[in-house]
Amino acid sequence: MDSSDRMTPMSGSAGAPADADSRYGPNFLTDLAHAVELYRLPQDELDRLAAFAAKHPEIHEQLGIRVREHSTKLAPDNPSRQIFDNLPFLRMHRVSEMVTSGSFDETFMAYIWDRMSRYDLDGTDPKWMWPWTVILPGLVADTARTAGYPEREVTELFDIAHRASVFVTIVMTDVFVTSRDRRLVEARVNERFRSLVHSVDDVITVLSGDDTVTVMSPDASILAPLNGNRPFDRMRELLDDDQLDLWAAADARLRKNGRAVTIELEAAEDNGRLHAFQAKGTMLTDGGDRRVWVWQDITERVKLQRELSHQAFHDPLTGIANRALLFDRVKHALTHSERTGLPVSLLFCDLDDFKSINDSLGHSLGDQLLVIVAERLASCIRSSDTLARLGGDEFAVLLETAHNTQATEVAQRIVDTVAYECHIGGQSVLTSVSVGVTTATPGISPEEFLRNADLAMYAAKKAGRSRVEIFRSELHFAAADRFNLSDDLRHAVERQQLRLHYQPTRRLTDGSWEGVEALLRWEHPTRGRIEPDTFIPMAEANGSIIAIGRWVLGQACHDGARIQAMFPNPVRIHVNVAPHQLRNPEFRNHVTDALLAGGLDPSLLVLEITESTLIDDRVSVDRLHEIHDLGVRIAIDDFGTGYTSINYIQQLPIDIIKIDRSFISGTAASTDRLAFLDAILGLARSLDLHTVAEGVETEDQLAELQALGCATGQGYLWAPAVPLDDLQALAERLDQEYQNGDDANAVS
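Residues numbered from 1 in each chain as written. Predicted model: local features only at pLDDT ≥ 70, side-chain atom pairs only at ≥ 80, totals over all residues. Heavy atoms only, no water.

Here's the deal with the overall build of the protein chain
Point 1. On a plain count of helices and strands, the protein chain comes out with 29 helices and 22 strands.
Point 2. When burial is assessed residue by residue, the protein chain has 49% of its 748 residues classed as buried.
Point 3. Summarising the internal contacts of the protein chain: among those between residues at least 6 apart in sequence, 66% fall at separations of at least 24.
Point 4. Of the roughly 35000 Å² of accessible surface on the protein chain, 50% is carried by carbon and sulfur atoms. (Helix = DSSP H or I, 4+ residues; strand = E, 2+ residues; numbered from the N terminus. Buried < 20%, exposed > 50% of the residue type's maximum accessible area, 1.4 Å probe, protein only. Contact = heavy atoms within 4.5 Å. Areas by Shrake-Rupley, 256 points an atom, 1.4 Å probe, with all protein chains shown as cover.)

In structure tokens:
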């Protein structure tokens, strides 16, 4: 720092140079104190700005750079430019430190007086300080935004920095004048004050001791929502009764304590539009009872705060409450119930098979379905009840003052209402919902209350879906049992508890074996055999499906070598693949590792994926192309249950269509079923795709498929899935029965 920029403390009680009064007039110190007190910002705001500046010291250097950039835009003969060109960046650094720290003390006043004296500035011309009122707030906002501050905090820091800059400008232009004539000083100070009042967007009002408005901004239109833009001389003519009570209480505190006060008021127009105002009151230090009230329109800020609050506690898709808001209201409802003895109930609602619907229709239409369901749920409850979306396809309803019977009635109404057909994107969709009901017991915690409703909902799904279940204490034991089973499943591979059984697929023209499908079985050491419908969803939920799926691939390829030796012609090995596996970036490596370890020809491996897996999933489609390039065949399982378009099928590397059993079962008189089946087979022929009919159980179904030209069949008509060791005996028996023309008796 050079000597001209060094700051020294001043003598004198008012914090100014000793010759300040002689230079600026006999009342300079009083005017200075008056200006500082009149325009000073609240200390907490100054502290906040100082803390921000301390955390981001680069502001001070950048301020000097931006001010210098500003000066280059001024005319060469402009006095302001001469000042800027002669002030080193270090001096800008010092001023910016004082502005951002709010250190408007005697040292600051001495420094500014020294600057003005050194460069012979006319304090009545504020041009040389104007850049601070624009550059500093913008720099603070840019720095905060770059540092990742929330937008609301960026706005608040900008506002504080702007008012701090205006404060410095006002003090320097209203007090540090070069005239020695006291009357001229007073005239200029008054003129500058009125210029300030006229130039700012806020409305400034000065009140006398009897509350009369003695000075006011000429444009008070921002206050129009408070009194319809009518002229006013007193606050009671501006504010309604409630607003007046709030303001009067704050004004009384101001007059009693002398400390600045801030209040916020709201007003609504006839059209319902909200307006919000912030009013700051300060006492004038002239020994009288005059106060300055500055009114600011903060409507946009309040709207932003409320919007952020709404986003924090509401679901963005449906607009209803989210989990956080539900939990908060549950806590309050339980507290109120404990105090009053009134009942409170909770419903957990979960859409049945929504994942399949979402995958089939696509996520966009799935979201539309969720919005429709939310609207239907809302139609079933009271306005005082809380409807929340917990995430995905899960909803909850908090019913205050509702006992168990009433809650069950609401739950059944929800089940009935949701079951109506929906029309989305040209599709007709039928959906259903399972609902769990629980009523609070004394002393129950919010967490347990929510968990009980969830357990009841899970029981409703397990009992058949589209139904209502009431919480029972034994459901806790069922939940613990599921947890234990899920934990056992994580170790099933390493404990060698998994087995593969194989079910044949046979050509319908000559009865020969086309392939076998590997079907997974879990032999639990204490629970016995557990069916895939039970443990596969559990594996997908707990993440063990990747490890299990990899084991199945490896074991099936290993068994494939033995299976080939059982038959005179090559036999394909069909393996089911879960969506989680297909989305795994290592899946291609898993397939190649299994083929190499098992020594199986890639053309003999068929990976079966469900139709819904392919919809709206670019990653899965790309992965299929990678696998297909290896020579592995791809089959769509359960075909006909989704919404795959012909154009989409043509883009996929598909070799085989496995027709869902719902098109095979039924009576021969079901003309719609036969028409659909015939259409699927015709589509497959036109696309040169091999077809396999699933779930063939009777001779009539076999004859029907043969007549329609289906290539291959699979089902209990021939055999269930059997262990590998029993497969050759099964093949021999089926071949013998086929030769005897007795397929109908092949069921075992």
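Quick look at the packing of helix α14 (residues 323–340) against helix α18 (residues 446–462)
Point 1. Orientation of α14 relative to α18, taken along the N-to-C sense of each, is 110 degrees, at an axis distance of 9 Å. By the criterion of interaxial angle, the relationship of α14 to α18 is roughly perpendicular. Crossing geometry of α14 relative to α18 is assigned as right-handed. Between α14, through L326, F327, V330, K331 and L334, and α18, the contact on the second element is made entirely by P446, E447, F449 and L450.
Point 2. Considered class by class, the residues forming the contact of α14 with α18 number 7 nonpolar, no polar and 2 charged. (Axes fitted to C-alpha atoms, helices over the stretch in contact; angles between N-to-C directions. Parallel < 35°, antiparallel > 145°, perpendicular 65-115°, else oblique. Left-handed = near helix turned anticlockwise from the far one by under 90°. Nonpolar A, V, L, I, M, F, W, Y, C, P; charged D, E, K, R; others polar.)

Points about the pattern of salt bridges
Opposite charge on two side chains permits them to pair, given that their charged atoms come into close proximity.
Point 1. Under the definition given, this model contains 20 salt bridges.
Point 2. In this structure, D385 and R382 form a salt bridge, with 2.7 Å as the shortest nitrogen-oxygen distance.
Point 3. Since its relative accessible area comes to 9%, D385 is described here as buried.
Point 4. The salt bridge involving R572 is made with E514; its shortest N-O contact spans 2.9 Å. Residue R572 is located in strand β16 (residues 572–576), and its partner E514 is located in strand β14 (residues 513–524); the two are separated by 58 residues in the primary sequence.
Point 5. Residues joined by salt bridges that share partners form a network here, namely E517, E608, K658 and E694. (Salt bridge = Lys/Arg side-chain N within 4 Å of Asp/Glu carboxyl O.)

What to know about the sheet that holds strand β12 (residues 468–470)
Point 1. Read from one edge of the open sheet, 5 strands run β7-β8-β6-β11-β12, paired in mixed fashion. If you trace the sheet from one side to the other, it starts and ends with β7 (386–391) and β12, each paired once. Averaged over all pairs of adjacent strands, the angle between their axes in this sheet comes to 20 degrees, without regard to strand direction.
Point 2. Of the pairings in the sheet, the one linking strand β11 (residues 433–439) to β12 comprises 3 bridges and is parallel in character. Each residue of the ladder has a partner; that of V435, found in β12, is V468. (Pairing = 2+ DSSP bridges.)

Looking at the environment of I548
Point 1. Here I548 is to be found in helix α21 (residues 545–566).
Point 2. Measuring from C-alpha to C-alpha, the distance between I548 and L520 comes to 9.6 Å, with 28 residues separating the pair along the chain.
Point 3. Not counting residues up to four positions away in its chain, the partners in contact with I548 are L489, V493, L498, L520 and A539.

Examining the packing of aromatic side chains
Point 1. Within the structure shown, the criterion is met by 6 aromatic pairs.
Point 2. When the centroid spacing of 5.4 Å and the interplanar angle of 75 degrees are considered together, the rings of F52 and Y149 count as edge-to-face. Here F52 is found in helix α3 (residues 43–55), whereas its partner Y149 is found in the loop between α8 (130–146) and α9 (151–174), with 97 residues between them in sequence.
Point 3. Its relative accessible area of 4% is what places F52 among the buried residues.
Point 4. With centroids separated by 5.8 Å and ring planes inclined at 55 degrees, the aromatic side chains of W247 and W293 adopt a geometry described as tilted. With W247 in helix α12 (residues 241–257) and W293 in strand β5 (residues 291–297), this pair connects stretches of sequence that are 46 residues apart. The residues W247 and W293 share a single accessibility class, namely buried.
Point 5. Members of the aromatic cluster, joined through ring pairs, are W247, W293 and W295. (Phe/Tyr/Trp six-rings, centres within 6.5 Å; stacked < 30°, edge-to-face > 60°.)

Examining the confidence of the model for the protein chain
Point 1. Averaged over all residues, the pLDDT of the protein chain is 78; the fraction at 70 or higher stands at 74%.
Point 2. Confidence drops under a pLDDT of 50 for residues 119–127, and excluding neighbours within four residues, the segment shows 26 contacts in the predicted structure.
Point 3. Note that residues 174–183 has pLDDT below 50 and, in this model, 36 contacts with residues that lie over four places away or in other chains. (pLDDT = per-residue confidence, 0-100.)

Topic: the side chain of D559
Point 1. By the secondary structure assignment, D559 is in helix α21.
Point 2. Buried D559, no salt bridge; nearest opposite-charge side chain is R562, N-O distance 5.5 Å.
Point 3. Not counting residues up to four positions away in its chain, the partners in contact with D559 are L500, Y502 and L724. (Lys, Arg positive; Asp, Glu negative; His and termini not counted.)

Overview of helix α17 (residues 404–418)
Point 1. Relative to the 21 Å expected for 15 residues at 1.5 Å per residue, α17 spans 21 Å between its end C-alpha atoms, a close match to the ideal helical length.
Point 2. Those residues of α17 that are buried lie in contact with β6 (344–351), α16 (363–378), β8 (394–400), β11 and β12. (Expected span 1.5 Å × (residues − 1).)

With respect to the nonpolar core
Point 1. Ranked by size, the top nonpolar core spans 74 residues in total, and within it Y502, I563, V591, L605, L607 and L727 carry the most contacts.
Point 2. Not counting chain neighbours up to four residues away, the residues in contact with Y502 comprise V516, E517, A518, Q555, A556, D559, I563, P720, A721, V722, L724 and L727.
Point 3. By size, the runner-up hydrophobic cluster in this structure holds 33 residues, among which are C349, F354, L365 and L370. (Core = buried A, V, L, I, M, F, W, Y, C linked by side-chain atoms within 4.5 Å.)

Re the sheet that holds strand β4 (residues 274–283)
Point 1. The strand order across the open sheet built from 5 strands is β2-β1-β5-β4-β3, with neighbouring strands paired in antiparallel fashion. The open sheet has two edge strands, β2 (213–216) and β3 (261–268), and neither has a second partner. Sheet twist, expressed as the average angle between the axes of neighbouring strands with direction ignored, equals 25 degrees.

Considerations on the state of the cysteines
Point 1. Going through the model one piece at a time under the given rule, you end up with 0 disulfides.
Point 2. The cysteine C349 is free of any disulfide, with C380 supplying the nearest cysteine sulfur at 9.0 Å.
Point 3. Owing to a relative accessible area of 1%, C349 belongs among the buried residues under this scheme. (Disulfide = S-S within 2.5 Å.)

With respect to the pairing of strand β18 (residues 633–639)
Point 1. Burial within β18 is extensive, with 5 of its 7 residues counted as buried.
Point 2. Direction of pairing for strand β17 (residues 605–610) relative to β18: parallel, over a ladder of 5 bridges. Within the sheet, the bridge partner assigned to I609 lies in β18 and is I636.
Point 3. As paired strands, β18 and strand β19 (residues 656–659) are joined by 3 bridges and run parallel to one another. Paired with I636 across the strands is I657, a residue of β19.

A look at the packing of α21 against helix α23 (residues 587–598)
In a packed pair of helices, the relevant descriptors are the angle between the two axes and the axis-to-axis distance.
Point 1. One way to put it is that α21 packs onto α23 with a least axis distance of 8 Å and a crossing angle of 30 degrees. With respect to α23, the element α21 is oriented roughly parallel. Between α21 and α23 the crossing geometry is right-handed. Where α21 abuts α23, its residues I546, R550, L553, G554, C557, H558 and A561 lie against F587, H590, V591, D593, A594, L595 and G598.

Observations regarding the pairing of β4
Point 1. Buried residues dominate β4, accounting for 9 of its 10 residues.
Point 2. Direction of pairing for β4 relative to β5: antiparallel, over a ladder of 7 bridges. Bridging across to β5, G281 finds its partner in W293.

Considerations on the side chain of R506
Point 1. With respect to the secondary-structure elements, R506 resides in strand β13 (residues 498–507).
Point 2. A relative accessible area of 1% places R506 in the buried class.
Point 3. Within polar-contact distance, the side chain of R506 engages the backbone oxygen of G511 at 2.6 Å. (Polar contact = N/O pair within 3.5 Å; in protein donor to acceptor, adjacent residues only side chain to side chain.)

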